[in-house]
Amino acid sequence: MRTINILQRMNVYQEVFLSILYRSLPIQKYLEPVYFYIYTLFGLQAVYVMALYTTSWLLSGTWLSGLLAALWYVTNRIDTTRVEFTIPLRENWALPFFAIQIAAVTYFLRPNLQALSQRLALLAVFMSTFLFSLTWQFNQFLTLLQALALFTLESLDVLPAAKAMWLYGIQTACLVLVCILQFFNSMILGSLLISFNLSVVIARKLQKNLKSGALLARVGKLVLHSLVVLCLTLLLNGCVKKTLNLKSDEHIFKFLKAKFGFGATRDFDANLYLCEEAFGLLPFSTFQRLSDTLLFYAYVFVLLVTVTAAFVVAFQNLRGCGRQQQGKMEVHTVDLTPDTAYNLMHTIVFGLLALSTMRMKYLWTSHMCVFASFGVCSREVWGLLLKCVRLHSPRRVSPAPCPSSFDDLSCACHARSSAVVSQISVIRYAVPTLTLLYLSYKFWPGMMGELSELREFYDPDTVELMDWINSNTPRRAVFAGSMQLLAGVKLCTGRTLTNHPHYEDSSLRERTRAVYQIYAKRAPEDVHALLRSFGADYVILEDSVCFERRHRRGCRLRDLLDVANGHVMDGPGENDPDLKPAKHPRFCEEIKRNLPPYTTHFTRVFQNKTFHVYKLSGSK
C-alpha cells in the first residue's frame, strides 16, 4: 500500500550504474548478469587491497611494507572481509572507497607537498568520500569518527588547521551531495556529522588564540573549546531534527544508550540489535586468529611505540616547545608526522568501535594490516625503539666518510648517526622479509587448496516455497512475514511485500513491529486486522522463528515481542515484576491446531518442514 523510492531509501546507485554498464558492453552473450555483478565486486576488493598497499607504502617509504599489508589482509580475510560469503553487502561496495580515501588523506597530510599535489590529493579525497557516502547508509557515523580524530589532532597542534578545515569541508559537501542524489533523504540532513563540522568551524571563529599561553592555560582553552563544539553540535542537531521531525535514526541511539549501560530498554528495535551477535563485543577468538599470522603481535608493538611518541609530541606541543626544538642538534625531541598521527588516531578510534561492536571489526582489521606493516618497515619506529633501549653500537657498522667541512665533534656525531641509520635499515628490511617468508610457508598451500573448492547454495525448503509462490499465487499478491524471508520473496518471485530489511526509516520499523505480531501472543482477529491494514493476502510463518533456539532466553524474537507487549516470556527464568501473563496463546503455535477462531480468518495453503503459508480471509 506504499510505493518506496529505492534511490531515496537505499544505497543502490552502484547497482543502477552497473546495470547500465552491463547493457552498454557487448558481453551479454558471454556473461550472465549475476556473474558480472560478482566479478565486479571481487574486482573492487582487489582495488581495496591496492589501496591498503598504497597507504602502507606512503607511511613507510618502502614497497615491502605494502606487500606485507596485502598478504596480511589475505591471510586474515576471515576477519578482514565478508565478501566471499555475503557478496552484495553495502560495506563490500563502500569499504574499498573508504580505503582509497584513507590513502588520499595520508598523502594530503604529508608535509611539504607542492600546490599541485595538494589539489590532486584533495580531488582524490573528495571523489572517494563521495563514493563511500553514496554506497553505504552508515557512512555518516564512520565519517563522524574520522572527523573526531581530525579534531583531536588539530586541537593538539599535530595536524595543520588549514588541512583539517579542508577535510571537514569535503566531508560535509559530499554528504550534502549524496542527500541531493537521494531525493533529500531527511536522515542525511539530520546527521551528527554535518552538525559537528559546522560547530567546529563556528567555534573556531568564536574562539581565537587557542594555541597560546602556558601548559595549563592551553589545556583549559582546549577543554572549553571541546565543550563549546559539543554543545553547538547537540544544539544544531536538535534544531534540525525538530524542524524536520526526524526519527529515522532514533533506534540507533536507543541501542547505543542500552549497550553502554545508560539504562535498560524494552524498545523492540533497540533490543533487536542488542541481541544479535554481530552487535556484541568482539570475541576473544578474533585475537587468536590474528596472532597466528603474527599480525596482532606486530600491531601491538607498533601501537605501543607510536602511542608513546604521540603522548610526547602532544605534551611538547601543549607546552609550546615541540616545534622550536626540532631543529636543534642532540636536543632532538620526538616527532610525529601528520600522516602517521592521522593513521594512529584512525586505528585507535576504529579499534574501540570494533571492540565494542563486532560488526565493525572489518574497519579495524583491514587498517590493522596497514598500520602493523608500516611499523615494522618504518625508520622512525625502529629508530625511536633503538634509542630508547640503547641497542645501537657504532663500532659494529662502518659509517660513511665524514665530510671535510665537519669538525671533530661533528664527525663523531656523524659516525654515530650513520651507524644507527645502518642498523635501522637492516632491521626494517629483515623483519618484514622474514615475516613474508613465514606467512608464505605456513598459509600459501592452504590458500591454494581453498581456491580449488567449489560450493553451492542448498536450501530445498526455501526453493520449494518460492516455486509454489510463483506457480500458485497472483502476481499482485501481497505477502507478510519476517524481513529476511520477504527479501528473498521479492527477489525470487517479484511479489509485493508488507515490510523488508531496510530499517533506517521509522514508519517501516513500526510496520515491521506490527507484522511481527504473528510471533507474539495475540488474538487471531487482532493479527488478521493488522495484516489486512497493510494489504496482506498471505502470511508466511517460519518454524525457525516461532520455535527459535539460536538465541538465549530474553533474546529470542518471541521474547522481544512479549516484553515490548508487556507479557511474561516463555520458559523458566525471571521476568520483570510489571510483566503480566498474556490473555491469548502464541499465534504462530496456536494457528497450526486449526481451531475455529483461527480458521475463520486464516486458511493454510502451503506447508513443508520449514514454512507454513496461510491465506487471509477477505484477500484477493
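Conventions used here
Residues numbered from 1 in each chain as written. Predicted model: local features only at pLDDT ≥ 70, side-chain atom pairs only at ≥ 80, totals over all residues. Heavy atoms only, no water. Helix = DSSP H or I, 4+ residues; strand = E, 2+ residues; numbered from the N terminus. Buried < 20%, exposed > 50% of the residue type's maximum accessible area, 1.4 Å probe, protein only. Contact = heavy atoms within 4.5 Å. Areas by Shrake-Rupley, 256 points an atom, 1.4 Å probe, with all protein chains shown as cover. Disulfide = S-S within 2.5 Å. Core = buried A, V, L, I, M, F, W, Y, C linked by side-chain atoms within 4.5 Å. Axes fitted to C-alpha atoms, helices over the stretch in contact; angles between N-to-C directions. Parallel < 35°, antiparallel > 145°, perpendicular 65-115°, else oblique. Nonpolar A, V, L, I, M, F, W, Y, C, P; charged D, E, K, R; others polar. Pairing = 2+ DSSP bridges.

The protein chain has the name Protein C-mannosyl-transferase DPY19L3 isoform X7 in an unreviewed UniProt entry, where Castor canadensis is given as its organism.

Caption draft 1: Geometry of the overall build of the protein chain. Scanning the protein chain from N- to C-terminus turns up 29 helices and five strands. Here the protein chain holds 620 residues, and the buried ones make up 49% of them. For the protein chain, long-range pairs separated by at least 24 residues make up 69% of all intrachain contacts whose partners lie at least 6 apart in sequence. Accessible area of the protein chain: about 30800 Å², with a carbon and sulfur share of 64%.

Caption draft 2: Just the state of the cysteines, in detail. Scanning all chains against the criterion turns up one disulfide. Disulfide pairing is shown between Cys546 and Cys588; the S-S distance is 2.0 Å. Taking the torsion about the S-S bond as the criterion, the Cys546 to Cys588 disulfide, at about 80 degrees, is right-handed. With a gap of 42 residues between them, Cys546 in helix H26 (residues 543-546) and Cys588 in helix H28 (residues 587-590) connect regions that are remote in the sequence. By the burial criterion, Cys546 is buried, and Cys588 matches it.

Caption draft 3: A look at the nonpolar core. Counting residues in each nonpolar core, the largest one holds 100 residues, and the members touching the most others are Trp72 and Leu363. For Trp72, the contacting residues outside a window of four places in its chain are Thr293, Leu294, Leu295, Ala298, Cys369, Ala372, Ser373, Thr435 and Leu439.

Caption draft 4: View of the side chain of Ser133. Its location among the elements puts Ser133 in helix H7 (residues 115-135). Residues contacting Ser133, with those up to four places away along its chain left out, are Asn11, Asn139, Leu175 and Val178.

Caption draft 5: Examining the environment of Ile180 more closely. Inspection of the secondary structure assignment puts Ile180 in helix H9 (residues 161-181). Sequence separation between Ile180 and Gln8 is 172 residues, and the spatial gap between their C-alpha atoms is 9.3 Å.

Caption draft 6: Summary view of the packing of helix H8 (residues 139-155) against helix H11 (residues 192-206). H11 packs onto H8 with a crossing angle of 20 degrees between their chain directions and a minimal axis gap of 8 Å. Considered as vectors, H8 and H11 are oriented roughly parallel to each other. Here H8 contributes Gln140, Thr143, Leu144, Ala147, Leu148, Phe151 and Glu154 to the contact with H11, which in turn contributes Leu192, Leu193, Phe196, Asn197, Val200 and Arg204. Here the residues of the contact of H8 with H11 sort into eight nonpolar, three polar and two charged.

Caption draft 7: Quick peek at the pairing of strand E3 (residues 538-542). Burial analysis of E3 places five of its five residues in the buried class, the great majority of the element. The two faces of E3 match: Tyr538, Ile540 and Glu542 on one face and Val539 and Leu541 on the other face are all buried. Examined bridge by bridge, strand E1 (residues 478-480) and E3 share two bridges and lie parallel to one another. In the strand pairing of E3, Phe479 is matched with Tyr538. Two strands pair when backbone bridges link them, and E3 and strand E5 (residues 611-616) are joined in this way by five bridges, in the antiparallel orientation.

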